[in-house]
Amino acid sequence: MEQIKAAIRTIPDFPTPGIQFKDITPLLADGKLFGQTIEAFKERHTGKGIDVVVGIEARGFIFASALAYALGVGTCLVRKPGKLPHTVHRQTYELEYGTDAVEIHADAFRPGQKILVLDDVLATGGTVAATVALIQNHFEVEIAEIDFLMELTFLNGRNKLPNLPIHALIQY
Ligand code: AMP
């Protein structure tokens, strides 16, 4: 895990002053480390009956699709508004200034399916909290766990999330 952590680059003041942006592109560019990252998630979830891995736009897609392939299950896209072509459900959430929203296709899951939600970074938790609400409000499925490549613990994003298992491979 130390090698994976070392491949994540911190860019100060991006995209705005004061943000320490965690850049995963060096990790993605290293086939061995990217593979080890997916294997770590795979080991955690093999044999647990996961049916669908949900990825949150945009970097969540990268990990969710690779993990879904590794587990031999499907993946599902949670996207920013206006990107999904079929009938959608939408969940809005508060930002520091204004609101944002996430959407999912209305036929994303079948009742009773077991879902894993995956994103790259747990920061304030707003996006993933909205994603969980989106899923729980519209589908009769079980969210088995919410996973992240990394958690920025000082932002206390976990406090925004409902009482579900949460796991991050790396913590800052
Ligand atoms: P949040 O809703 O605050 O938990 O963050 C939403 C998304 O923004 C995360 O899934 C990340 O993709 C991205 N993000 C937030 N903070 C950072 C950061 N410091 N470095 C890189 N990505 C970030």
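Data block above holds the structure.
Residues numbered from 1 in each chain as written. Predicted model: local features only at pLDDT ≥ 70, side-chain atom pairs only at ≥ 80, totals over all residues. Heavy atoms only, no water.

## Describing helix α3 (residues 31-45)
Link 1 in the chain: With 15 residues, α3 extends 21 Å between its outermost C-alpha atoms, agreeing within 8% with the 21 Å of an ideal straight helix rising 1.5 Å per residue.
Link 2 in the chain: Along α3, the residues classified as buried are L33, T37, I38, A40, F41 and H45. One side of α3 carries all its buried residues, which in axial view fall inside an arc of 145°. Summarising the geometry of α3, the exposed residues directed more than 90 degrees from the buried face are G31, K32 and E43.
Link 3 in the chain: Sitting at the head of α3, D30 places a side-chain oxygen 3.1 Å from the backbone nitrogen of K32.
Link 4 in the chain: One or two residues past the end of α3 sits G47, with phi positive at roughly 80°. (Helix = DSSP H or I, 4+ residues; strand = E, 2+ residues; numbered from the N terminus. Expected span 1.5 Å × (residues − 1). Buried < 20%, exposed > 50% of the residue type's maximum accessible area, 1.4 Å probe, protein only. Arc of directions from axis to C-beta. Polar contact = N/O pair within 3.5 Å; in protein donor to acceptor, adjacent residues only side chain to side chain.)

## Describing the pairing of strand β6 (residues 99-105)
In summary, the side chains of a regular strand alternate between the two faces of the sheet.
Link 1 in the chain: Pairing of strand β5 (residues 88-94) with β6 involves 7 bridges; the strand directions are antiparallel. Considered in β6, the bridge of R90 is made with E103.
Link 2 in the chain: Hairpin connection from β5 to β6: 4 residues lie between these consecutive antiparallel strands, with G98 at a positive phi of about 90°. (Pairing = 2+ DSSP bridges.)

## Topic: the pairing of strand β4 (residues 74-78)
Link 1 in the chain: One ladder, built from 5 bridges, connects strand β3 (residues 52-56) with β4; its direction is parallel. Across the sheet, V53 pairs through a bridge with T75, a residue of β4.

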